[in-house]
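Inside the fold
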Amino acid sequence: MKYQRINIFLLLLALSFLSACESETASTAGSENRPPNIIIIFADDLGYGDLGTYGNPTIRTPHLDQMAAEGLKFFQFYSGASVCTPSRAALLTGRLPIRSGMASDRYRVLFPFSASGLPSEEITLAEALKEQGYQTGIVGKWHLGHHPQYLPLRHGFDTFYGLPYSNDMLPRPNAKWGPARKYPPLPLYQDTAVLDTNPDQRLLTKQYTEKAKAFIDAHEEEPFFLYMPHSFPHVPLFASPDFEGKSSRGLYGDVVEELDWSVGQILNTLKEKGLDKNTLVVFTSDNGPWLTEKQEGGSAGLLHQGKGSTFEGGMREPTIAWWPGRIAPGITQSLGTTMDIYATAVKLAGGSLPDDRTYDGTDLSPVFDDPNAKVRDEVIYYLGAQVFAYRKGPWKMHLKTLNPYIGEQPVAHDPPLLYQLEHDPSERFNLAAEHPEVLEELRAALQRHLDGVKSVPSVLEDIDQSYFE
Ligand code: MG
């Protein structure tokens, strides 16, 4: 009797073990057949030194800190430009803005008086992923053209909730700059319709978060691409009543802490739905901190300068890649750019880059496998349509420098300034005189890039004349 009971117990144990194996196999097989979901969370004007996990002493970012602890933290990751519009063009096309017409020396971003937007010939990441069967949504700030033919639904997104451009582009009767006095009311879009004008910006981050969670809810059974370009911490700063006045860093800290909360909401939603093991989430920023906004702007930490500059503070961004079970927790010194996110996502989706155009990104998957892998050796720092600086390995040369928000004219450097970024991340010690051979190598490498660039006429120059009548 006693042995019989033990046998039945063993039988039940074996059966439950078998059924556990079976369900494990089923779920693994399911995720193997289905390419990963892709989520890009893109902050606006967040600096390299603005997160707890990147050393900020007074801004609390527990969710991003945890994301970094569970994921891969990059220390040398770059945006494609140091201001909003070209940076977004680089991320969504995988190409330097000079190739898509989204770079110009006169106007660096699109304004409410601009006539143009991202050309329809460009293949956005949303279009490339749609081709692979993805559902695509954008929640947040677009800034690649606000006229109907340039809005997100014309560029591969199934849904859009958010602003067509920056949150400071609203009527400002006292603005110093003439055109800004006439800005129309700031529109909030749902798909192609204006849902509201001059929305209460204190609620934007919360609304974006709810919309993003609803998008995940709606598409949990199929591969999806969610692009979440937040409107903040771009000025003017607004936080919801839950966050306003809570950070010891002041309003800027309140705003960043609410963004951190939002990231936590997205990651927790994925975990609750069991989607975390099949979703790549990348958090980064479009450009460095707007330093001339003083305490309302962020911090580039130990990096020099910020938004609008081709010093490191303008384009090196806090960046975390998170994909539990696929990306081992760690840190990496490997170079990366937002254009690499495009190449990586297309590859993970099972697609390949079209061969009828030049791409400037590289698949980062080898770095996900091994944080010491090197997939990229160079970074090209354009300001408008010109190369201002060039990095190869640890070395960076500046041909020109400019901090456009303080009214400087570009300063040409001959010989160029030369910094060893791994020894001197703050770009303080010019080594041009000591290392002419390095300058020579960098000049030759940059020339090879320039020889391959066929720049496209800028669309940022196209002005809607009716705006001024
Ligand atoms: Mg920006």
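Residues numbered from 1 in each chain as written. Predicted model: local features only at pLDDT ≥ 70, side-chain atom pairs only at ≥ 80, totals over all residues. Heavy atoms only, no water.

1. Notes on the side chain of aspartate 286
Here aspartate 286 shows up in the loop between strand E8 (279-285) and helix H9 (312-315). Classification of aspartate 286 by relative accessible area gives buried; the value is 0%. From its side chain, aspartate 286 meets the backbone nitrogen of aspartate 45 in a polar contact 2.8 Å long. Not counting residues up to four positions away in its chain, the partners in contact with aspartate 286 are Phe42, Ala43, Asp44, Asp45, Ser79, Ala81, Cys84, Ser87, Arg88 and Glu317. (Helix = DSSP H or I, 4+ residues; strand = E, 2+ residues; numbered from the N terminus. Buried < 20%, exposed > 50% of the residue type's maximum accessible area, 1.4 Å probe, protein only. Polar contact = N/O pair within 3.5 Å; in protein donor to acceptor, adjacent residues only side chain to side chain. Contact = heavy atoms within 4.5 Å.)

2. A few points about the domain arrangement of the protein
As assigned here, the protein comprises domain 1 (35-376) and domain 2 (381-461). Taken over C-alpha atoms, the centre of domain 1 sits 25 Å from the centre of domain 2. Listed per partner, the contact involves 37 residues of domain 1 and 36 residues of domain 2. Of the roughly 3100 Å² buried at the junction of domain 1 and domain 2 (both faces included), carbon and sulfur atoms supply 57%. On inspection of domain 1 and its partner domain 2, the count reaches 2 salt bridges. Lysine 396 serves as the salt-bridge partner of glutamate 312, at 2.8 Å between the closest nitrogen and oxygen. (Domains from an automatic or database assignment. Buried area = accessible area lost by both parts, 1.4 Å probe. Salt bridge = Lys/Arg side-chain N within 4 Å of Asp/Glu carboxyl O.)

3. Brief notes about the packing of aromatic side chains
On inspection of all chains with the given rule, the structure shows 22 aromatic pairs. Clustering of aromatic rings is evident, with ring pairs tying together Tyr107, Phe111, Phe113, Trp177, Tyr467 and Phe468. Its end group placed over the ring of tyrosine 48, arginine 316 keeps NZ or CZ at 5.8 Å from the ring centre. (Phe/Tyr/Trp six-rings, centres within 6.5 Å; stacked < 30°, edge-to-face > 60°. Lys NZ or Arg CZ within 6 Å of the ring centre and 35° of its normal.)

4. Some thoughts on helix H8 (residues 251-272)
Helix length check: H8, at 22 residues, gives a terminal C-alpha distance of 31 Å against a target of 32 Å (1.5 Å per residue), a fit within 8%. Looking one or two residues beyond H8, the residue adopting positive phi is glycine 274, at roughly 70 degrees. (Expected span 1.5 Å × (residues − 1).)

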